[in-house]
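Commentary on secondary and tertiary structure
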Amino acid sequence: MTTSQTPARPARRGVLSGLTAGRAESVLAQPASAQNRRPPHAIRRRARRLLDEGWLFARDDGDAAHHHAAIAWRPAPVPHLDAGHTTGGAATPIWYRRNLRMPETWRGRRLFLHFEGAGDVAEVYVDGVRAGGHAGGATAFSLDVTEPLRLRAPGAEATVTVRVAAPAQPGPAVHRVGLHRNVWFVATEEVHLDLLDSPGVQVETADLDAARALVRVRGRVVNDADTATTARVRSRVLDAGGVVVADAQSEVALAARATARFELELPAIAHPHLWSTETPYLYRVSTVVDSGHGRDRVDVPLGLRHLAADATGFRLNGAPYRLAPTGLHEGAMGRHPHSDAARIQGLRTLKGMGVNVVRMPHDAQSATVLEAADELGLLVWQELPPVRRATLTGSFAADHLGSVREMVRQRSSHPSVAVWGTSDELALPGIGPAPQPGDLTHEMVRLGDELVRAEDPSRPTASAGADPVAGPAGWVAALYQAWTLSRLYPSLALPYAKQPGRPARATHTASVGDSANGVPGPETLVLAGSPGSDRPGDRGAEPGLRPVGRIRAARKLHRRSA
């Protein structure tokens, strides 16, 4: 594989053909039905079909379901969760099946099934033959199903079967057992940007100040054809009006059935518009691959902003910044998955209260929800399970770290993401001749932190929970929820000190690691605090207040803190 970059030309003040910008691209401008059916960036510019109808599901602990045995199948519109499978512990696996017909216009192209979320452990079959699997219900994955579908006669249907189950680990960890996010049928050209664990494109702000911004684009190009070829990769940055402000390209030589990496340094963007919580200005990076096999394209958002966090406080775009935090919790999910539109409405409400940073615990949010946070101007603490008790049996550690890597690769283009949370209240058994509580917890947090920093060194990492060895100041203690999709607790709408970046008081705190070796240490940034209780029914939660009254009470506290 070889690559060569064309010398950068001056930014061309033209409009990228075919790219709609502004309101037409805005997720906030869409009705709830469109928000719930919005394709993620990885597939938005590709041929696709939403597979939300036609599914059947059944509970069965054997392997007969993917052979279409006569078990009790029932209709299940996707997204779907099975009641009783949202908490920890082993449970009967859930099987889904539906028929799938390939459009004739897609013949000769690569075919994928793209799952935005199938938890927690998924196995996928096409006509009874295993197509692949995935561990981790909080991140997306794609499977290449070209070969089994090419064998079907024109107009014939194949049967897709999916087995999902909770991981084999004890404890009250949060599980999403089911096809709890959208499923898509996607077609690409034989030469395409890789979409198996990310959008195929990673965008990095290499340098930023008020005068200029330098952007770097990296990714992988896949040649699924039987012959070698050369592809041209071109990346362009467009402003909010669709005007091209930076442009670069390179050629990539690809062997047959091979993957090649590329990296483009785009020319400087003069006098860039900075993204902030007050002015959330969004650019877009459009990357196109042209070859003798056709064209493939992926667009991702770009917010030009700089975050910094240390013991002295939090800074956004070089200036001290006062944080007004709260949490948007997944705990109220119950037997039905909350829609993206419901989560977006929650973010709108928080923004209206004056909140500017939101912890979203237990579950890495969908691309659609993070798009809304980008547009609203909210900083997000993005977090993954496991929650509370876990074990290192089987493949738990490898699966968890794989999910951390996927979370970063799939969501790093969103400027709203400010903190990567690798676990919540993780409790692992001790090791050694005299086991100490927290030994393995330390190790898992360290591994997660190192992995994140290798993928994205621009953001801090966090692990929520109180550690019995390090003490309350050494780890991220809980920034617990003030907001769920059903309740708001005004006792957690906090008063803040006048100085930027620092809360007035904190009985519960959240800290972000800033030590040289990447492990949370004594020098931490206090991100938020709570003078009251954090759980429904506890003293201070005021569960009896009517929802409107709770929101008004919270707004008053935030206004008072300003």
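Residues numbered from 1 in each chain as written. Predicted model: local features only at pLDDT ≥ 70, side-chain atom pairs only at ≥ 80, totals over all residues. Heavy atoms only, no water.

Here the focus is the overall build of the protein. Secondary structure assignment for the protein yields eight helices and 32 strands. Expressed as a percentage of the 562 residues in the protein, the buried residues total 57%. In the protein, once contacts between residues fewer than 6 apart in sequence are set aside, the share between residues at least 24 apart is 74%. A total of about 22000 Å² of accessible surface is found on the protein, and carbon and sulfur atoms cover 52% of it. (Helix = DSSP H or I, 4+ residues; strand = E, 2+ residues; numbered from the N terminus. Buried < 20%, exposed > 50% of the residue type's maximum accessible area, 1.4 Å probe, protein only. Contact = heavy atoms within 4.5 Å. Areas by Shrake-Rupley, 256 points an atom, 1.4 Å probe, with all protein chains shown as cover.)

The end-to-end C-alpha distance of helix H4 (residues 340-353), which contains 14 residues, comes to 20 Å, matching closely the 20 Å that a straight helix rising 1.5 Å per residue would cover. Buried within H4 we find Asp340, Ala341, Arg343, Ile344, Gly346, Leu347, Thr349, Leu350 and Met353. At the exit of H4 stands Gly354, carrying a positive phi of roughly 100 degrees. (Expected span 1.5 Å × (residues − 1).)

Further remarks concern the packing of aromatic side chains. Here the structure, examined in full by the defined rule, presents six aromatic pairs. Note that Arg49 overlies the ring of Trp106, its terminal NZ or CZ placed 5.9 Å from the centroid. Its end group placed over the ring of Trp55, Arg98 keeps NZ or CZ at 5.9 Å from the ring centre. (Phe/Tyr/Trp six-rings, centres within 6.5 Å; stacked < 30°, edge-to-face > 60°. Lys NZ or Arg CZ within 6 Å of the ring centre and 35° of its normal.)

Time to look at the environment of Met353. Looking at where Met353 falls in the secondary structure, it is placed in helix H4. As a C-alpha pair, Met353 and Ala324 span 29 residues in sequence and 9.7 Å in three-dimensional space.

Glancing now at the sheet that holds strand S4 (residues 74-75). Pairing within the open sheet is antiparallel, and its six strands lie in the order S4-S3-S5-S10-S7-S8. The strands lining the two open edges of the sheet, one partner per strand, are S4 and strand S8 (129-135). Two strands pair when backbone bridges link them, and strand S7 (residues 121-126) and strand S10 (residues 157-165) are joined in this way by six bridges, in the antiparallel orientation. The residue bridging Glu123 from the neighbouring strand is Arg163, located in S10. (Pairing = 2+ DSSP bridges.)

Moving on to the side chain of His400. Among the structural elements, His400 can be located in helix H6 (residues 396-411). For His400, a relative accessible area of 7% corresponds to the buried category. In terms of polar contacts, His400 uses its side chain to reach the backbone carbonyl oxygen of Thr422, at 3.0 Å. (Polar contact = N/O pair within 3.5 Å; in protein donor to acceptor, adjacent residues only side chain to side chain.)

Here we take up the pattern of salt bridges. Scanning all chains against the criterion turns up 34 salt bridges. The shortest N-O distance in the salt bridge between Arg107 and Glu104 comes to 3.1 Å. A salt bridge links Glu147 to Arg110; its shortest N-O distance comes to 3.5 Å. Taken together, the residues span a long stretch of sequence, with Glu147 in helix H3 (residues 146-150) and Arg110 in strand S6 (residues 110-115) at a distance of 37 residues. The class for Glu147 is partly exposed, based on a relative accessible area of 41%. For Arg110, a relative accessible area of 4% corresponds to the buried category. Each of the salt bridges in this network shares a partner with another, and the network as a whole consists of Arg110, Asp144, Glu147, Arg150, Glu190 and Asp224. (Salt bridge = Lys/Arg side-chain N within 4 Å of Asp/Glu carboxyl O.)

On the basis of which strands lie adjacent, the open sheet formed by four strands has the order S2-S11-S6-S9 and antiparallel pairing. Every other strand in the sheet has two partners, leaving strand S2 (47-50) and strand S9 (141-144) as the edge strands with one partner each. Looking at each pair of strands side by side, their axes are set apart by 25 degrees on average, direction ignored. Here six bridges tie S6 to strand S11 (residues 183-188), and the two strands are oriented antiparallel to one another. Within S11, the position partnered with Leu111 by the bridge is Ala187. (Axes fitted to C-alpha atoms, helices over the stretch in contact; angles between N-to-C directions.)

In terms of burial, strand S5 (residues 94-101) is largely enclosed, as six of its eight residues are buried. Looking at chain direction, strand S3 (residues 56-59) and S5 are connected through four bridges and run antiparallel. Directly across from Leu56, in S5, lies its bridge partner Arg97.

Turning our attention to H6. In this model, H6 (16 residues) spans 22 Å end to end at C-alpha, consistent with the 22 Å of a helix rising 1.5 Å per residue. Residues of H6 that are buried: Phe396, His400, Leu401, Ser403, Val404, Glu406, Met407, Val408, Gln410 and Arg411.

Another aspect to go through is the pairing of strand S20 (residues 294-302). Counting buried residues along S20, seven of its nine residues qualify, which places the element largely inside the surrounding structure. By the bridge criterion, nine bridges tie strand S19 (residues 283-291) to S20 in an arrangement that is antiparallel. Along S20, the bridge assignment pairs Thr287 with Val298. Once S19 ends, the chain turns through two residues before running back antiparallel as S20.

Attention shifts here to the environment of Ala246. Along the chain, Ala246 turns up in strand S16 (residues 244-254). With 32 residues separating them in the primary sequence, Ala246 and Leu214 have C-alpha atoms 9.3 Å apart.

As a further point, take the packing of H4 against helix H5 (residues 367-376). With their axes 9 Å apart at the nearest point, H4 and H5 run at an angle of 20 degrees to one another. Here H4 lies roughly parallel to H5, going by the angle between them. The crossing of H4 and H5 is right-handed. The segment H4 lies against H5, with Asp340, Arg343, Ile344, Leu347, Arg348 and Lys351 engaging Thr368, Val369, Ala372, Ala373 and Leu376. When its residues are assigned to classes, the contact of H4 with H5 shows six nonpolar, one polar and four charged. (Parallel < 35°, antiparallel > 145°, perpendicular 65-115°, else oblique. Left-handed = near helix turned anticlockwise from the far one by under 90°. Nonpolar A, V, L, I, M, F, W, Y, C, P; charged D, E, K, R; others polar.)

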